[in-house]
Amino acid sequence: KKLIIRLLLTMPGEYYHLPGYGAGLSPKEVRTTADLIVLRKFLEVQLGQQPEIEKASVALTLQNDGQLIVATRAKLRKQDQQISVSFPFQAVSS
């Protein structure tokens, strides 16, 4: 689970030796439902690039209060086990 949460929160370029790593999700971002399609695909690609993950899927829900729920499901290669992680990103009001 830590692998997925780290990927979601890491800004791209934060690890100099892994320039393409990280989704850079932040609660300060304002999102629309149109953004969700692109974001879901981006997250699935990011997760699929991880050597520990064989297959991954992502479901995104944007709630009325602006909270984004990222629900991931991944199959790990070595342990042959499924893990699920659901992580809320609460929008911050200005």
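See above for the structure.
For the structure given in this document, a descriptive report is provided here. What you see is a predicted model, and the numbers here were worked out from it, not measured in a lab.

### Quick look at helix 2 (residues 33–48)
Next, step 1: A rise of 1.5 Å per residue sets the reference length of helix 2, with its 16 residues, at 22 Å; its end C-alpha atoms lie 23 Å apart and thus fit the reference within 8%.
Next, step 2: Among the residues making up helix 2, those that are buried are Leu 36, Leu 39, Leu 43, Glu 44, Gln 46 and Leu 47.
Next, step 3: As for helix 2, its buried residues are in contact with helix 1 (2–9), strand 1 (53–62) and strand 2 (68–76).

### Details of the packing of aromatic side chains
Next, step 1: Summed over all chains, the structure comprises two aromatic pairs.
Next, step 2: Between Tyr 15 and Tyr 21 the ring centres are 5.7 Å apart and the planes differ by 55°, which places this aromatic pair in the tilted class.
Next, step 3: Here Tyr 21 falls in the buried class, since its relative accessible area comes to 10%.
Next, step 4: With centroids separated by 5.0 Å and ring planes inclined at 55°, the aromatic side chains of Phe 87 and Phe 89 adopt a geometry described as tilted.
Next, step 5: Residue classification places Phe 87 among the partly exposed residues on the basis of a relative accessible area of 21%.

### Observations regarding the pattern of salt bridges
A side chain with one charge can pair with a side chain of the opposite charge if their charged atoms come near.
Next, step 1: The final tally for this structure, using the stated rule, is three salt bridges.
Next, step 2: Between Arg 40 and Glu 44 there is a salt bridge, with the nearest N and O atoms lying 3.1 Å from each other. Taken together, the residues Arg 40 and Glu 44, both in helix 2 and four residues apart, mark about one turn of the helix.
Next, step 3: Judged by relative accessible area, Arg 40 falls into the partly exposed class, the value being 36%.
Next, step 4: Note that Glu 54 and Lys 75 form a salt bridge whose closest N and O atoms lie 3.8 Å from each other. In this pair, Glu 54 sits in strand 1 while Lys 75 sits in strand 2, placing the two residues 21 residues apart along the sequence.

Analysis parameters
- Residues numbered from 1 in each chain as written.
- Predicted model: local features only at pLDDT ≥ 70, side-chain atom pairs only at ≥ 80, totals over all residues.
- Heavy atoms only, no water.
- Helix = DSSP H or I, 4+ residues; strand = E, 2+ residues; numbered from the N terminus.
- Expected span 1.5 Å × (residues − 1).
- Buried < 20%, exposed > 50% of the residue type's maximum accessible area, 1.4 Å probe, protein only.
- Contact = heavy atoms within 4.5 Å.
- Phe/Tyr/Trp six-rings, centres within 6.5 Å; stacked < 30°, edge-to-face > 60°.
- Salt bridge = Lys/Arg side-chain N within 4 Å of Asp/Glu carboxyl O.

Nothing here speaks to function; it is geometry throughout.
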